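Each chain, written out:
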Amino acid sequence: MSNFPIVPLSGTPAGPPAPGEPLRGRVLFGPMPPAQQNQQPMLAMLDTLSFVMDRMFEIPGTKMRVGLNTLLLLLPVFGDGISSLVSAAILAIGLSMFRVPRIVAARMMMNSLIDSAVGWIPVAGDLFNLWFKADTRNVRLLQEYAGTSAEPPRSTWRHWLFVVGVIGAIVLVLALLVLGAIAFIHWIVALARGEPTSV
């Protein structure tokens, strides 16, 4: 989360929200250069869209919030497709209108890819979406880094750690899949030849 103050669109200052509290209608306005201040309405629109998709409803008796993403994932194929398209739109608009460090852009793309990929898994995808909320994560990264070119560069080490960690995990999973496939083929060949096999 950015250290910038949270300012409602009306311009009246407001205190920072509690951790995890939705920003509904509020945007983290940093010291944007005058040439970029006209982009604040677009940032507000993206924040509202992420609110609708990720945090619009509160589950009674809990502090957990869900949005249309969770409801859409209940619809096989069709719901996953709509959810993925909205995430792609937020990503495309955000990265085309706002300048962020390349590693932050890479993390935003990974957020959307991870959310879309896992979202296609029945049940597990729904549960993952309840926690991950890729649209909200991406909008908050935009809020943190957009329009800060006049400021000293913000630390990006945690984004490097995330991206490298995800790439490492993907490589590990692929390596395990390849080794598993090779072992399975060897087992099939040995079975076909009538050679003794171990389970």
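Only a predicted model underlies this, so the values are computations on that prediction, with no experimental measurement involved. (Residues numbered from 1 in each chain as written. Predicted model: local features only at pLDDT ≥ 70, side-chain atom pairs only at ≥ 80, totals over all residues. Heavy atoms only, no water.)

(A) How the structure looks around the overall build of the chain. Of regular secondary structure, the chain possesses seven helices and four strands. The contacts in the chain between residues at least 6 apart in sequence include a share of 58% that link residues at least 24 apart. Carbon and sulfur atoms form 72% of the exposed surface of the chain, whose accessible area is close to 11,700 Å². (Helix = DSSP H or I, 4+ residues; strand = E, 2+ residues; numbered from the N terminus. Contact = heavy atoms within 4.5 Å. Areas by Shrake-Rupley, 256 points an atom, 1.4 Å probe, with all protein chains shown as cover.)

(B) Representation of helix 1 (residues 40-54) in the model. Between the first and last C-alpha of helix 1 there are 21 Å, a value that for 15 residues agrees with the 21 Å anticipated at 1.5 Å per step. Within helix 1, burial applies to Q40, L43, A44, L46, D47, S50, F51, M53 and D54. (Expected span 1.5 Å × (residues − 1). Buried < 20%, exposed > 50% of the residue type's maximum accessible area, 1.4 Å probe, protein only.)

(C) Structural detail: the environment of S112. Checked against the element boundaries, S112 lands in helix 4 (residues 102-119). S112 gets classed as buried once you look at its relative accessible area, which sits at 7%. A C-alpha to C-alpha distance of 8.1 Å links S112 and N138, two positions 26 residues apart in sequence. When neighbours within four sequence positions are excluded, S112 is seen to be in contact with S87, L91, A134 and N138.

(D) View of the nonpolar core. With 22 residues, the main nonpolar core has L46, F98, V100, V104, M108 and L142 as its most contacted residues. If we ignore the near neighbours within four places in the chain, the residues touching V100 are L95, A105, L142, Y145 and A146. (Core = buried A, V, L, I, M, F, W, Y, C linked by side-chain atoms within 4.5 Å.)

(E) Fine view of the side chain of D54. Its location among the elements puts D54 in helix 1. Excluding anything up to four places from it in sequence, D54 contacts R65, V66, G67, N69, K133, A134, D135 and T136.

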